[in-house]
Amino acid sequence: MGFTDSNHLSNDKIATTFTLNTNNTSAQPKEGLTPYQGRKRCFGEYKCSKCKRKWMSGNSWANSGQQCIKCHVMVYPHKQRPLDKPDGLDVSDQSKEHPQHLCEKCTSLGYYCRQVH
């Protein structure tokens, strides 16, 4: 269905990772733009197709992207996983400001996306 769900055991914790299948080149509706299709905020990994810039965000949502800060192209995460199941480098820096003007979820809500419960 456009993503694979890989479960693996690491340090006695189960981590779930969703990876987007980018082989489907047909036009996609709004649904299914991201590997994760749940309702909660999650951790996402992004890579801009234009400038190849990579970043990670603890403010990733299903079917919502983030604009590349360098070239302003909308980028959807290629990998997402639950916030409560960290997998190494995905510990977000809570002191770092979230660029709301680049976040599709924030702009669609009209307010900071982390205020969603």
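Details of the structure are given in the entry above.
Residues numbered from 1 in each chain as written. Predicted model: local features only at pLDDT ≥ 70, side-chain atom pairs only at ≥ 80, totals over all residues. Heavy atoms only, no water.

A. Representation of the overall build of the chain in the model. A tally of helices and strands in the chain yields one helix and seven strands. Tracing the chain from N to C terminus, the helices and strands come up as β-β-β-β-β-β-β-α. Among the 117 residues that make up the chain, the fraction classed as buried is 32%. A separation threshold of at least 6 residues defines the contact pool for the chain, and within that pool the share at least 24 residues apart is 46%. As displayed, the chain has an accessible area near 7800 Å², and 51% of this comes from carbon and sulfur atoms. (Helix = DSSP H or I, 4+ residues; strand = E, 2+ residues; numbered from the N terminus. Buried < 20%, exposed > 50% of the residue type's maximum accessible area, 1.4 Å probe, protein only. Contact = heavy atoms within 4.5 Å. Areas by Shrake-Rupley, 256 points an atom, 1.4 Å probe, with all protein chains shown as cover.)

B. Inspection of the pairing of strand β4 (residues 54–60) at higher detail. The element β4 is largely enclosed, with a buried count of five among its seven residues. Pairing geometry for strand β3 (residues 42–47) and β4, over five bridges, is antiparallel. Of the residues in β4, the one forming a bridge with Tyr46 is Trp55. The turn linking β3 back onto β4 is made up of six residues, and Lys52 within it adopts a positive phi angle of 70°. (Pairing = 2+ DSSP bridges.)

C. Spotlight on the nonpolar core. Counting five residues, the largest nonpolar core consists of Tyr46, Cys48, Trp55, Cys68 and Val75. Apart from the residues lying within four places of it in its own chain, the contact partners of Cys68 are Cys48, Cys51, Arg53, Trp55, Val73 and Val75. (Core = buried A, V, L, I, M, F, W, Y, C linked by side-chain atoms within 4.5 Å.)

D. Quick look at unusual backbone geometry. With phi around 70°, Lys52 is a residue other than glycine that occupies positive phi space. Structurally, Lys52 is set in the loop between β3 and β4. For Asn63, which is not glycine, the phi dihedral falls at a positive 60°. Its location among the elements puts Asn63 in the loop between β4 and β5 (66–67).

E. Region of interest: the pattern of salt bridges. On inspection of all chains with the given rule, the structure shows one salt bridge. A salt bridge links Arg81 to Glu45, with the nearest nitrogen and oxygen atoms 2.8 Å apart. Of this pair, Arg81 sits in strand β7 (residues 79–82) while Glu45 sits in strand β3, and the two are 36 residues apart along the sequence. (Salt bridge = Lys/Arg side-chain N within 4 Å of Asp/Glu carboxyl O.)

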